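Observations on the three-dimensional arrangement
Residue strings, one per chain:
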Amino acid sequence: MKRQAAVALIGPRQVGKTTLALAIAEQTEALYLDLEAGADRAKLADPALFLSEYEDRLVILDEIHRAPELFQELRGLIDRGRRAGKAMGRFLILGSASMDLLRQSGESLAGRIEYVPLNPLDVLDVTAATAPMAALWVRGGLPDSLLAASDTDSLAFRRDFIRTYLQRDVAEFTQRRLPAETLERLWTMLAHGQGGLLNASRLAASLGVSSPTVTGYIDLLVNLLLVRRLRPFHANVRKRLVKSPKVYVRDSGLVHALLGIESHNALAGHPVAGASWEGFVIENLLAAVPPGTAASFFRTQAGAEIDLVLELPGRRKPWAIEVKLGLTPSSSRGFLHARGDIEPERAFIVYSGDERYPLSEDVEAIGLREMAAALQESG
């Protein structure tokens, strides 16, 4: 809020945006408007007239996607405020859609707004006293899911979340009706193949639709911050590299809800456990990296592989991260060969334990929470 007149917090529903906004309003005496409430929308029938009375207070506009026409009005208010010397931090805007969809909602606020993705809770947000690591992995980071009274209640919440997105939010955000059943089947297939290479043709054949349709559905899930496409790292090596992106359902709790996995006991014996842990680790690490970090994976056709390659700002060489589920991590031959190809500055194996120790001269075993903290401090 130091350089912009407005800040937008964006993310999937139920990540705690409203709770955060209400806390800010209470501490700062800000004006809070919930645009899902008809009474608050009615106050903005003439936005310029109403908001001009609150030029000296922070104005919080929650669920901005309900009134996208406000963007054009905000642009005029911000510009007039700048001329009057009121240039910084006037509006806090919250929306349950992605940055791209918010940008399409109204006239551009380029140079006047900063977008801040608000992710679900991660390992640096949650202490062991609040919730064990296993609970965060199984239930995911949506607050109502993580803090539910039981695994059964948590799973029920996540299933309702998925149903709401498919039946209401998707149509609302895209302004068109998509077949919810097809989208749910695709979402479930992505959960089954968590962390796998994207093969749109295979998915299309299973769903009975075209490859462009599948690509469009995945674009939608990416835009809604529900799915991540991790691009391949293109190193200048004389080897055949995998060119397809890897696809992850971003919240581990949603992976398990889509697959009907209720508890840690059920997850431990499920074939998706290793891939689920990999996606959980990657999301937590990407939530901790400094701004400007480029994330990718590295894989050759011969099998050399690095799960996560991080190009941190200001560093000449990347960091290489391998993810292992279990308490006895070891460095694989594929990880060894891949390190030889890209020559990372540092290399880590993130495993399920907490101790940090060297596995070899250039590879450390490290727990997830400590790895996330190291990345946060690297910026």
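For the structure itself, consult the block above.
The structure displayed is predicted, hence computed values, not measured ones.

Moving on: the pattern of salt bridges. This structure, assessed with the given rule, holds 16 salt bridges. The residue Arg139 makes a salt bridge to Asp151 at a minimum N-O spacing of 3.0 Å. With Arg139 in helix H6 (residues 133-139) and Asp151 in helix H8 (residues 151-174), the pair connects residues that are twelve residues apart, well separated along the chain. Ionic pairing is found between Arg163 and Asp160, a salt bridge with its closest N-O pair at 2.7 Å. Here Asp160 and Arg163 lie together in helix H8, a separation of three residues that amounts to about one turn. On the accessibility criterion, Arg163 (40% relative accessible area) is partly exposed. Via salt bridges that share partners, Lys246, Glu278, Arg299 and Glu305 belong to a single interconnected network.

All right, on to helix H16 (residues 368-378) then. Those residues of H16 that sit buried are Leu368, Met371, Ala372, Leu375 and Ser378. Along H16, the residues classed as buried sweep out an arc of 120° about the axis, all on the same side. Of the residues in H16, the exposed ones pointing more than 90 degrees away from the buried face are Gln376 and Glu377. Of the surrounding elements, those touching the buried residues of H16 are H6, helix H14 (273-288), strand E10 (305-311), strand E11 (319-323), strand E12 (346-351) and strand E14 (363-367).

Quick look at helix H12 (residues 252-259) now. Of all eight residues making up H12, eight are buried, and the element is well covered by its neighbours. The complete set of buried residues in H12 reads Ser252, Gly253, Leu254, Val255, His256, Ala257, Leu258 and Leu259. Where H12 begins, the side chain of Asp251 points an oxygen toward the backbone nitrogen of Gly253, at a separation of 3.0 Å. Within two residues after H12, Gly260 carries a phi angle of roughly 75°, on the positive side.

Criteria and cut-off values
- Residues numbered from 1 in each chain as written.
- Predicted model: local features only at pLDDT ≥ 70, side-chain atom pairs only at ≥ 80, totals over all residues.
- Heavy atoms only, no water.
- Salt bridge = Lys/Arg side-chain N within 4 Å of Asp/Glu carboxyl O.
- Helix = DSSP H or I, 4+ residues; strand = E, 2+ residues; numbered from the N terminus.
- Buried < 20%, exposed > 50% of the residue type's maximum accessible area, 1.4 Å probe, protein only.
- Arc of directions from axis to C-beta.
- Contact = heavy atoms within 4.5 Å.
- Polar contact = N/O pair within 3.5 Å; in protein donor to acceptor, adjacent residues only side chain to side chain.

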